Amino acid sequence: MSYNRNEKKRIVFKIGTSTLTHKETGGLDFVKMEKFVRILTDLHNQGKEIVVVSSGAIGVGRKALGLKEKPVERSVKQACAAVGQSRLMTVYQKLFSEYNQNTAQILMTKITIANDTSRHNAENTFRELLDMGVIPIVNENDTVATDEIDFGDNDYLSAIVAAIIKADLLVLLSDIDGLYTDDPNNNPNAKLIPYVERITDEMLGMAKGPATDFGTGGMVSKVEAAGIANDAGADMIILNGSDMDNINRFLAGEELGTFFRAHRTRHFHLKNYLDR
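As the structure is a prediction and not an experimental result, all values here were calculated from the model.

A. Geometry of the overall build of the protein. Of the regular secondary structure elements, the protein holds eleven helices and eight strands. Out of the 276 residues in the protein, the part that is buried amounts to 53%. For the protein, the exposed surface amounts to about 12,900 Å²; the carbon and sulfur share of it is 48%.

B. Representation of the layout of surface pockets within the structure. The computed volume of the second largest pocket comes to approximately 160 Å³. Lining the second largest pocket, in full, are Arg 119, Glu 123, Ala 163, Ile 164, Lys 166, Arg 264, Phe 268, His 269 and Leu 270. For the lining of the second largest pocket, the secondary-structure elements that each account for two or more residues are helix H6 (116-131) and helix H8 (154-164).

C. Here's a closer look at the packing of aromatic side chains. Under the counting rule described, the total for this entry stands at three aromatic pairs. Residues Phe 13 and Phe 36 carry aromatic rings whose centres are separated by 6.4 Å and whose planes lie at 80 degrees to one another, so their mutual orientation is edge-to-face. Here Phe 13 is found in strand E1 (residues 10-15), whereas its partner Phe 36 is found in helix H2 (residues 30-45), with 23 residues between them in sequence. Judged by relative accessible area, Phe 13 falls into the buried class, the value being 0%. Classification of Phe 36 as buried rests on a relative accessible area of 0%. On the numbers, 6.0 Å between centres and 15 degrees between planes, the contact of Tyr 195 with Phe 259 is stacked. In this pair, Tyr 195 sits in strand E6 (residues 195-196) while Phe 259 sits in strand E8 (residues 258-260), placing the two residues 64 residues apart along the sequence.

D. Seen up close, the environment of Val 51. Tracing the backbone through its elements, the reader meets Val 51 in strand E2 (residues 49-54). In the structure, Val 51 is positioned 119 residues away from Leu 170 in sequence and 9.6 Å away in space, judged by C-alpha atoms. Here Val 51 is in contact with Ile 11, Val 12, Phe 13, Phe 126, Leu 130, Pro 136, Val 138, Val 161 and Ile 165, once residues within four sequence places are set aside.

E. Molecular detail of H2. Taking 1.5 Å of rise per residue, 16 residues should cover 22 Å, and H2 covers 22 Å from first to last C-alpha, within 8% of that figure. Listed in full, the buried residues belonging to H2 are Lys 32, Met 33, Phe 36, Val 37, Ile 39, Leu 40, Thr 41, Leu 43 and His 44. A positive backbone phi angle near 105 degrees is found at Gly 47, which sits one or two residues after H2.

F. Spotlight on the pattern of salt bridges. The final tally for this structure, using the stated rule, is eight salt bridges. With a closest N to O distance of 2.9 Å, Arg 249 and Asp 243 form a salt bridge. With a relative accessible area of 29%, Arg 249 lands in the partly exposed category. Here the salt bridges do not stand alone but share partners, grouping Lys 14, Asp 155 and Lys 222 into one network.

G. Structural view of the nonpolar core. Val 12, Met 108, Phe 126, Val 138 and Val 161 are the most contacted members of the largest nonpolar core, which totals 46 residues. Within the residue set of this core, elements represented by two or more residues are E2, strand E3 (103-108), H6, H8, strand E5 (169-174), helix H10 (219-232) and strand E7 (235-240).

H. Spotlight on unusual backbone geometry. The phi torsion at Asn 100 lies on the positive side, around 55 degrees, for a residue other than glycine. Within the element layout of this structure, Asn 100 appears in the loop between helix H4 (74-97) and E3. At Lys 166, a residue that is not glycine, the phi angle is positive and equals roughly 55 degrees. Structurally, the position occupied by Lys 166 is in the loop between H8 and E5. Take Lys 166: its relative accessible area is 60%, and that puts it in the exposed class.

I. Main features of the pairing of E1. Of all six residues in E1, five are buried, a share of seventy percent or more. Across six bridges, the pairing between E1 and E2 is parallel. Residue pairing for E2: Ile 15 is matched across the bridge by Ser 54. Summarising the sheet, E1 and E5 pair through five bridges and their orientation is parallel.

J. Representation of the confidence of the model for the protein. On average, residues of the protein carry a pLDDT of 87, and 90% of them reach 70 or more. No element of the protein has a lower mean pLDDT than helix H7 (residues 148-151), which averages 43, and none a higher one than E2, which averages 98. A low-confidence stretch, residues 212-217 stays under pLDDT 50, and its non-local contacts, those more than four residues away or across chains, total 19 contacts.

Conventions used here
- Residues numbered from 1 in each chain as written.
- Predicted model: local features only at pLDDT ≥ 70, side-chain atom pairs only at ≥ 80, totals over all residues.
- Heavy atoms only, no water.
- Helix = DSSP H or I, 4+ residues; strand = E, 2+ residues; numbered from the N terminus.
- Buried < 20%, exposed > 50% of the residue type's maximum accessible area, 1.4 Å probe, protein only.
- Areas by Shrake-Rupley, 256 points an atom, 1.4 Å probe, with all protein chains shown as cover.
- 1 Å grid on protein atoms, 1.4 Å probe; cavity = no way out; pocket = protein on both sides within 12 Å on 5 of 7 lines; lining within 4 Å.
- Points joined across faces, edges and corners; volume = space filled by probe spheres on them.
- Phe/Tyr/Trp six-rings, centres within 6.5 Å; stacked < 30°, edge-to-face > 60°.
- Contact = heavy atoms within 4.5 Å.
- Expected span 1.5 Å × (residues − 1).
- Salt bridge = Lys/Arg side-chain N within 4 Å of Asp/Glu carboxyl O.
- Core = buried A, V, L, I, M, F, W, Y, C linked by side-chain atoms within 4.5 Å.
- Pairing = 2+ DSSP bridges.
- pLDDT = per-residue confidence, 0-100.

Written out as structure tokens, the structure reads:
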């Protein structure tokens, strides 16, 4: 596949809970987070504009509060998010500050996109932050949401963010190598699909649900995110985040993960993607 990765200047990185945390305990993987931050800061120093969409608030809050079971009630999820979001941002700010990199927190809901004024304000905020050399860190505003905790996930949000900022590339860091013809955990004959020109119903059928107790999104949400990002004019890649060096390997030209080719839809409008 011929693909010039160096021309991609504005990149959104989505990192999921299962990638941020230790599978056995749900605690943050600080070694992995530090490497993630270092790589992003170095890309920023190369002149690229970086936005991070980070999951983990509910998982971090759940761990901090000592909840063994994944919360089901909305009020408990929101309590976990309230505790976890501040802890998560504290870690990000501390790690990025080690490299003198400024960050900002942006919390969004579907209302941000549905309302023309708030969507325009969000676009302006992202633009100003990127112009100032800041790396925005985005999450769903789980603490006050009324419907998006049950409905939303950060794969979807990252695609929305990519569309808002007119990103060149969306990178989804997952706990799997990419999209397979079947679930590779159950089928040893499942084959990795390295390149997707157009998303089909058959591909959606290949995708599976979340694989871990701490995560929320699955492969279905990643394929749907690719549909939004591609329609908005952004390429998308699913990479295995267990090794953060995969980011640099991909940008250097190695064939990794599953790549979804952009095909900007004429008259693209985000409102058309809210009822999913």
